[in-house]
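The residues making up each chain are set out below.
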Amino acid sequence: MAILEDVPGISFKIQVAGHDAIEYDDPNEEESTAPTRYPISTKYIECIDGAEFGIKALITRDHDWGYKNHSLTLRIYVDGEHVRGCVVREEDLLGGSMAKVFEGREAYCTRTNRWVLQRCQFSAISTVDDSKKDRVERDVKVAKNLGLIEIRVSRCIYLGNVAGIHRPSLIKTKELELAEKSLKGRAMSHGTSFSRTEHIRPVNYCDTRVLDEDHGPIAVFRFYYRSRDALKREMVIPRTPSPSPVPKREIANMSRAELERLAQERLNQLRGGGNVKQERKPIVKRERTEIIDLSGGHARPAKLSRRSLKQEGDVIDLTSD
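It should be emphasised that the depicted structure is a prediction, and the values quoted were computed from it without experimental measurement.

**Concerning the nonpolar core**
In step 1: Core analysis: the largest hydrophobic core is formed by 37 residues, its most contacted members being F12, F53, I151, V153, F221 and F223.
In step 2: Contributing elements (two or more residues each) for this core: β2 (10-16), β6 (52-60), β7 (71-78), β8 (81-88), β9 (97-102), β11 (114-124), β13 (148-162) and β17 (219-226).
In step 3: Apart from the residues within four sequence positions on either side, F53 is in contact with I14, Q15, V16, V78, E103, C120, Q121, F122, I149 and T192.
In step 4: By size, the runner-up hydrophobic cluster in this structure holds 7 residues, among which are I125, A143, L178 and M188.

What follows is the structure, encoded as structure tokens:
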């Protein structure tokens, strides 16, 4: 859950398909050194194409409610468009806290004359190769805040309920198609559209007055939503490591002994001997044509001539030349 140490007692979380989304830290947080008038929490979440989502708020007594007996105004923006507002007073806290999930946009249906809830859902972005200047400029403005859920928290003075003077109309779901050049290399994957509607009870309105001394919100919570692949491209989550190739030694770097060993192994393979070395049979050489096999065979000995038996100094060569 996104929290800010400077503003205790106020936290938010995004729920996707009814489950709390896993939050990832902003990889560029340390590089963002520009001063701001209010603390900002920035998180990334993984979105699922076609899944509905909501914004879960948790307000507790840890917030400093004493200053001018103020209340809190929560304004929710999705893709740069205001979709929901809410006022929280200290007396609204039951048991020391208030938890509420904002599941979509409240609108008035003129066809049925009833209030409806338009649920938010993630929709994939498609790109077209359109480089016309007016198309690119228009899509750049759309893409500026695309993929962003932002909650602005302000302090206000609650002045009481008023009659419903504002009736926001229904928003038709449209395809998210942008010129490829308008994204400027950003890893954008999804935007928000509105899915099914359901009837709800009439919306109550109240009148408030902002605290001028705050000069705007006291805290801002931002959630950037991306597909898993887009989160990897933006280095929010680590990429899946590819297997390291086995290093190959160059022949030029091998020693003579290694080269001779490899050559002998290859020769043995060609001869069909596998890894078993073939031994040459030792032989005994005598003068002229006499050869004696010492390998243990049972061949019939050759007939010796009288002349060869009289000669001396016979040499037995076992060097396997």
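Back to the write-up after that little detour.
**Regarding the pattern of salt bridges**
In step 1: On inspection of all chains with the given rule, the structure shows 20 salt bridges.
In step 2: Here E198 makes a salt bridge to R196, at a shortest N to O gap of 3.4 Å.
In step 3: For E198, a relative accessible area of 29% translates into the label partly exposed.
In step 4: According to the relative accessible area criterion, R196 is partly exposed, its value standing at 48%.
In step 5: Three or more residues are tied together by salt bridges with common partners; here these are E52, E103, R119, R196 and E198.

**Observations regarding the environment of W65**
In step 1: With respect to the secondary-structure elements, W65 resides in the loop between β6 and β7.
In step 2: Residues W65 and E90 lie 25 residues apart in sequence; the distance between their C-alpha atoms is 6.9 Å.
In step 3: Contact partners of W65, with chain neighbours within four places excluded, come to I59, T60, H70, S71, L72, V88, R89, E90 and L93.
In step 4: Reaching out from W65, the side chain makes a polar contact with the backbone oxygen of T60 at a distance of 3.3 Å.

**With respect to the packing of aromatic side chains**
In step 1: Going through the model one piece at a time under the given rule, you end up with 6 aromatic pairs.
In step 2: Following the ring pairs from residue to residue traces out a cluster consisting of F53, F122 and Y225.
In step 3: A cation over a ring is seen here: R152 above Y77, with NZ or CZ 3.9 Å from the ring centre.
In step 4: Over the ring of Y108 we find R167, and its NZ or CZ is 4.4 Å from the ring centre.

**Re the pairing of β11**
In step 1: Burial runs high along β11: 9 of the 11 residues are buried.
In step 2: Where β6 and β11 come together, 2 bridges link them in antiparallel fashion. Paired with E52 across the two strands is Q121, which belongs to β11.
In step 3: Relative to β11, strand β10 (residues 104-109) runs antiparallel, the two sharing 6 bridges. Residue pairing for β11: G104 is matched across the bridge by R119.
In step 4: Hairpin connection between β10 and β11: a loop of 4 residues separates the two successive antiparallel strands, and N113 in this loop has a positive phi of roughly 55 degrees.
In step 5: Here 8 bridges tie β11 to strand β15 (residues 190-199), and the two strands are oriented antiparallel to one another.

**Some thoughts on helix α1 (residues 133-143)**
In step 1: Taken together, the buried positions of α1 are R135, V136, D139 and A143. For α1, the angular spread of the buried residues around the axis is 95 degrees, confining them to a single face. For α1, the exposed residues set more than 90 degrees away from the buried face come down to K133, D134 and K141.
In step 2: Elements that come into contact with the buried residues of α1 comprise β12 (126-128) and β14 (177-179).

**A short note on the environment of Y225**
In step 1: As for its placement among the helices and strands, Y225 is situated in strand β17.
In step 2: With 179 residues separating them in the primary sequence, Y225 and E46 have C-alpha atoms 5.7 Å apart.
In step 3: Polar contacts involving the side chain of Y225 include one to the side chain of T192, which spans 2.8 Å.

**Topic: the side chain of S154**
In step 1: Tracing the backbone shows S154 in strand β13.
In step 2: Apart from residues no more than four positions distant in its own chain, S154 is found in contact with S71, L72, T73, R75, G216, P217 and I218.

**Details of the environment of G191**
In step 1: Structurally, the position occupied by G191 is in strand β15.
In step 2: Put simply, G191 and R226 are 35 residues apart on the chain and 8.9 Å apart in space, counted from C-alpha to C-alpha.
In step 3: Ignoring sequence-local partners within four residues, the contact set of G191 consists of D79, Q121, F122, S123, I125, L146, L176 and Y225.

Rules and cut-offs
- Residues numbered from 1 in each chain as written.
- Predicted model: local features only at pLDDT ≥ 70, side-chain atom pairs only at ≥ 80, totals over all residues.
- Heavy atoms only, no water.
- Core = buried A, V, L, I, M, F, W, Y, C linked by side-chain atoms within 4.5 Å.
- Buried < 20%, exposed > 50% of the residue type's maximum accessible area, 1.4 Å probe, protein only.
- Helix = DSSP H or I, 4+ residues; strand = E, 2+ residues; numbered from the N terminus.
- Contact = heavy atoms within 4.5 Å.
- Salt bridge = Lys/Arg side-chain N within 4 Å of Asp/Glu carboxyl O.
- Polar contact = N/O pair within 3.5 Å; in protein donor to acceptor, adjacent residues only side chain to side chain.
- Phe/Tyr/Trp six-rings, centres within 6.5 Å; stacked < 30°, edge-to-face > 60°.
- Lys NZ or Arg CZ within 6 Å of the ring centre and 35° of its normal.
- Pairing = 2+ DSSP bridges.
- Arc of directions from axis to C-beta.

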